[in-house]
Amino acid sequence: MELMNLLTELTDSVASYVSGNEMTISIAVIVLAALTCFFGVKIFRIWMAVIGFFAGFIIGFYIPVNALQLSIGVGLIAGLILGIVLAIVSAKIYIVSVMFASWLFSVSALLVILQPKTWLWMLVCAGIGVIPAIISLKFAEPMVIIATGLFGGITAAAKGAELLGFSEQIIVWIVGLVAACFGIMVQFILEGRKQGKKEVAAAKHIRSEKSIENEIEAARSLFSDDEEE
């Protein structure tokens, strides 16, 4: 009962804050969605740390308070500890985070586009999201780029349309997909430049090692010639 009262108060407080700051929140969502669309692969670990923290906090709070009937204070402490642990794990274990993010962003984009009204269609969206999650095992970074680009572009377009009072859904989807394609292209270009710099650095390192080896070999040859004389 204590938990239900707390959740009710928290929900009412959040709803009150959101209703009084709709424009500010909408602009913040659009900015975050745009950053995700164009720089998703670069801020990926940050996103996963944030998601891991909130998931851990909810689980850590719910189990002690609801299942074990412990105090809310214990739940808060357990939630904070588990949230921090999952935030670190989510940021460090890359491939697991990539799979989860590919699934989450893909499902979120489908929910925004299709706007399912029943649990059946929501489960269908969740099932479809498993496909990019599996593909991400083989192509991790490309899947992160595609998933974050789609999620960011479509979310920014949908939230922008809502802010402007525009209700033509087909136009919103087209704008969102165009923004997503542009964001994906930018991310691939930036990632290509990053890989190019790595390859140049690796080539320089190899040339440096070969140069050192050649100098050592030349010194040995010179020393050998001196001994023969």
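Conventions and cut-offs
Residues numbered from 1 in each chain as written. Predicted model: local features only at pLDDT ≥ 70, side-chain atom pairs only at ≥ 80, totals over all residues. Heavy atoms only, no water. Core = buried A, V, L, I, M, F, W, Y, C linked by side-chain atoms within 4.5 Å. Buried < 20%, exposed > 50% of the residue type's maximum accessible area, 1.4 Å probe, protein only. Helix = DSSP H or I, 4+ residues; strand = E, 2+ residues; numbered from the N terminus. Contact = heavy atoms within 4.5 Å. Axes fitted to C-alpha atoms, helices over the stretch in contact; angles between N-to-C directions. Parallel < 35°, antiparallel > 145°, perpendicular 65-115°, else oblique. Left-handed = near helix turned anticlockwise from the far one by under 90°. Nonpolar A, V, L, I, M, F, W, Y, C, P; charged D, E, K, R; others polar. Salt bridge = Lys/Arg side-chain N within 4 Å of Asp/Glu carboxyl O. Phe/Tyr/Trp six-rings, centres within 6.5 Å; stacked < 30°, edge-to-face > 60°.

Q: I would appreciate a short explanation of the nonpolar core in the present structure.
A: Across soluble globular proteins, nonpolar side chains show a tendency to be buried alongside one another. By size, the foremost hydrophobic cluster in this structure holds 12 residues: Val41, Phe44, Met48, Val98, Ala101, Phe105, Ala140, Val144, Ile145, Ala147, Phe151 and Ile184. Mapped onto this core, the elements with two or more residues apiece are helix H3 (44–67), helix H5 (94–114) and helix H8 (140–164). Tallying contributions element by element places H8 first for this core, with five residues. The contact partners of isoleucine 184, leaving out residues within four places of it in the chain, are Cys37, Ile145, Ile146, Gly149 and Leu150.

Q: Which parts of the structure should I look at to understand the packing of helix H2 (residues 22–39) against H8?
A: The description of two packed helices rests on the angle between their axes and on the distance between the axes. Running from N to C, H2 and H8 point in directions that differ by 155°, and their axes come no closer than 7 Å. Our classification of the angle between H2 and H8 gives roughly antiparallel. Considering how the two elements wind past one another, H2 and H8 form a crossing that is left-handed. For the pair formed by H2 and H8, the contact residues are Met23, Ser26, Ile27, Val29, Ile30, Ala33, Thr36 and Cys37 on the first element and Thr148, Gly149, Phe151, Gly152, Gly153, Thr155, Ala156, Lys159, Gly160 and Leu163 on the second. Grouping the constituent residues of the contact of H2 with H8 by class yields nine nonpolar, eight polar and one charged.

Q: Mind showing me how you'd approach the pattern of salt bridges here?
A: Side chains bearing opposite charge may pair, as long as their charged atoms lie close to each other. Applying the stated rule across the entire model yields one salt bridge. Between glutamate 162 and lysine 159 there is a salt bridge, and its shortest N-O distance comes to 3.3 Å. Linking glutamate 162 with lysine 159, this pair stays in helix H8, spanning three residues, or about one helical turn. The exposure class of glutamate 162 is exposed, given its relative accessible area of 55%.

Q: Would you explain the packing of aromatic side chains in this entry?
A: Two aromatic rings, taken as a pair, are described by how far apart their centres are and by the angle between their planes. A complete count under the given rule lists four aromatic pairs for this structure. A centroid spacing of 5.8 Å and a plane angle of 80° characterise the contact between phenylalanine 38 and phenylalanine 182, whose relative ring orientation is edge-to-face. Here the residue phenylalanine 38 occupies a position in helix H2, and phenylalanine 182 occupies one in helix H9 (residues 169–228), the gap between them amounting to 144 residues. Measuring from ring centre to ring centre gives 6.1 Å for phenylalanine 57 and phenylalanine 61, while their planes differ by 15°; the resulting arrangement is stacked. Here phenylalanine 57 and its partner phenylalanine 61 are both found in helix H3, four residues apart, which amounts to about one turn of the helix. Ring pairs connect the aromatic residues Phe53, Phe54, Phe57 and Phe61, which therefore count as one cluster.

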